[in-house]
Amino acid sequence: MGPGETLIALIIGVTVMGYMFFNGRHKERMAIIQSGSNMSIFDSKKRSGFGRAFTLKLGMLFVGVALGILMGEFLRTNTNMADGAGYMSMILLFGGLSLILNYMIEKRGDN
């Protein structure tokens, strides 16, 4: 499978997942509306959607992944560690650390 086929498969996969997510969300909301239940879950202030906290989390994750790539390159050039192990371990380490730091920042802001 070449790079072009991989890209096409990735685009199709993302499109199908997006369709399924939004279709499922629509069906769920229509069921809630039809049953006459409480609509407070749709209040934009109470739900944790794409607000500032999400963008902070996403930004911190990308910075952590970028630092992981840089550290993986450092490990590759300065040690005998295998390329894949160095890159993946550092990306996961720094990505996870950035999410933990984001959690502590959000927790401190809730008080």
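Anything mentioned here points back to the structure above.
Residues numbered from 1 in each chain as written. Predicted model: local features only at pLDDT ≥ 70, side-chain atom pairs only at ≥ 80, totals over all residues. Heavy atoms only, no water.

## Some thoughts on the environment of L101
For clarity, the threshold we go by: To qualify as a helix, a DSSP run of H or I must reach at least 4 residues; to qualify as a strand, a run of E must reach at least 2; elements of each kind are numbered from the N terminus.
Of note, L101 is situated in helix α3 (residues 83-110). The spacing of L101 and M60 is 41 residues in sequence and 8.4 Å in space, taken between C-alpha atoms.

## Considerations on the side chain of N102
Rules: In this analysis, two residues are considered to be in contact whenever any of their non-hydrogen atoms come within 4.5 Å of each other.
Note that N102 resides in helix α3. If we skip the residues at most four places from it in the chain, N102 touches A53, L56, K57 and M60.

## Let's talk about α3
Operational definition: In this scheme, a helix's expected span is set at 1.5 Å multiplied by one less than its residue total. Working definition: with a 1.4 Å probe on protein chains only, accessible area under 20% of the residue-type maximum means buried, over 50% means exposed, and in between means partly exposed.
The end-to-end C-alpha separation of α3 is 41 Å, in line with the 40 Å expected for 28 residues at 1.5 Å each. When α3 is considered as a whole, its buried residues turn out to be G86, M90, I91, G95, S98 and N102.

## Things to note about a nonpolar patch on the surface
Filter applied, for reference: Like charges are joined within 9 Å and nonpolar side chains (Val, Leu, Ile, Met, Phe, Trp, Tyr) within 5 Å, but only among residues with over 30% relative accessible area and no salt bridge; these make up the patches. Here the open area of atoms and residues is found with the Shrake-Rupley method and a 1.4 Å probe, where only the protein chains shown may cover a residue. Salt bridge, as applied in this entry: a Lys or Arg side-chain nitrogen positioned within 4 Å of an Asp or Glu carboxyl oxygen.
Taken together, L56, L93, L97, I100, L101, Y103, M104 and I105 make up a surface patch of nonpolar side chains, about 730 Å² in accessible area. The element best represented in the nonpolar patch is α3, accounting for seven residues. Of note, L97 is situated in helix α3.

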